[in-house]
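In case you want the letters, here they are:
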Amino acid sequence: MGLFDRFKKSKKTEKAATSQHSEQLDEYTRDMITSANLCVSKNSNRFAGLDYSVKSLEQVDNLLEEAIDFYDEMDEKQKQSLINSVGAYVFEVARKNFGGRYFWYNHLNQPILVTGQPEFEVSILAFEKVKGRLENGKEDNIPFYFAGFVERVHLKKSGMIV
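Residues numbered from 1 in each chain as written. Predicted model: local features only at pLDDT ≥ 70, side-chain atom pairs only at ≥ 80, totals over all residues. Heavy atoms only, no water.

A look at the nonpolar core
Here's step 1: Y89, F146 and F149 are the most contacted members of the largest nonpolar core, which has 43 residues in total.
Here's step 2: Those elements that provide at least two residues to this core are α2 (18-43), α3 (57-71), α4 (76-98), β1 (101-105), β2 (110-115), β3 (122-124), α5 (126-136) and α6 (142-155).
Here's step 3: Among the elements that take part in this core, α4 stands out by supplying nine residues, more than any other.
Here's step 4: With residues up to four places along the chain from it excluded, the contact list for F149 reads A94, F98, T115, V122, I124 and I161. (Core = buried A, V, L, I, M, F, W, Y, C linked by side-chain atoms within 4.5 Å. Buried < 20%, exposed > 50% of the residue type's maximum accessible area, 1.4 Å probe, protein only. Helix = DSSP H or I, 4+ residues; strand = E, 2+ residues; numbered from the N terminus. Contact = heavy atoms within 4.5 Å.)

Printed below as a string of structure tokens:
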């Protein structure tokens, strides 16, 4: 069972009263913060500057570049743990700097951060991008990906950053 399995909602849960909706989102945020803080505590000695700034994503990219060397040797649970931890950090950089709320994205079976509502809506899928960076290398550069998110937020241009 993955760290974010509790984010998953059954169809019955999705139909629950909207009054519970806010409480669930708060729990999502708490879980994401906990996982992101774990990423920082595990990696801050080796990758200084994990301070939730946009610039700190350069260190995240360095961390992932180094992890590529042993990623194929990891079992699926270890891979998912790495993706969840680093992905949570990327999500929290986005949320702390630009706001937003977490939701569950059924299509990819993972969390999504939605920023800008109700005026506009920009979404980011950090777990998917972290996984891509580990599997595809530098072509899935995290700072470049995040710059696209920042640009859309500043332009208030709705869309999903994948």
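Examining a negative patch on the surface
Here's step 1: The grouping of D69, D72, E73, E128 and E135 at the surface amounts to a negative patch.
Here's step 2: If you trace the backbone, E73 turns up in the loop between α3 and α4. (Patch = residues over 30% accessible without salt bridge, like charges linked within 9 Å, V, L, I, M, F, W, Y side chains within 5 Å. Areas by Shrake-Rupley, 256 points an atom, 1.4 Å probe, with all protein chains shown as cover. Salt bridge = Lys/Arg side-chain N within 4 Å of Asp/Glu carboxyl O. Lys, Arg positive; Asp, Glu negative; His and termini not counted. Charge placed at Lys NZ, Arg CZ, Asp CG, Glu CD.)

Focus: unusual backbone geometry
Here's step 1: The amide bond that connects Q117 to the next residue, P118, takes the cis arrangement and shows omega of 5 degrees.
Here's step 2: Within the secondary structure, P118 is located in the loop between β2 and β3.
Here's step 3: The phi torsion at N109 lies on the positive side, around 55 degrees, for a residue other than glycine.
Here's step 4: Inspection of the secondary structure assignment puts N109 in the loop between β1 and β2.

Examining the packing of α3 against α6
Here's step 1: Contact geometry of α3 with α6 gives a least axis separation of 8 Å together with a crossing angle of 140 degrees. In terms of orientation, α3 and α6 fall into the oblique class. Mapping the contact onto sequence places L57, E58, D61 and L64 in α3 and I142, P143 and F146 in α6. (Axes fitted to C-alpha atoms, helices over the stretch in contact; angles between N-to-C directions. Parallel < 35°, antiparallel > 145°, perpendicular 65-115°, else oblique.)

Overview of the sheet that holds β2
Here's step 1: Strand order in the open sheet formed by four strands is β1-β2-β3-β4, and the pairing between neighbours is mixed. Each edge of the sheet is formed by a strand with only one pairing partner; in this case those strands are β1 and β4 (159-161). Going across the sheet, the axis of each strand differs from the next one's by a mean of 30 degrees, ignoring polarity.
Here's step 2: Strand direction decides the pairing type here: β1 and β2, joined by five bridges, are antiparallel. (Pairing = 2+ DSSP bridges.)

Here we look at the environment of L82
Here's step 1: Residue position: L82 is located in helix α4.
Here's step 2: Given the relative accessible area of 15%, L82 is considered buried.
Here's step 3: The spatial distance from the C-alpha of L82 to the C-alpha of F127 is 9.6 Å, given a sequence separation of 45 residues.
Here's step 4: Look past the residues within four positions of L82 in its chain and what remains in contact with it is L63, A67, Y71, M74, G87 and L134.

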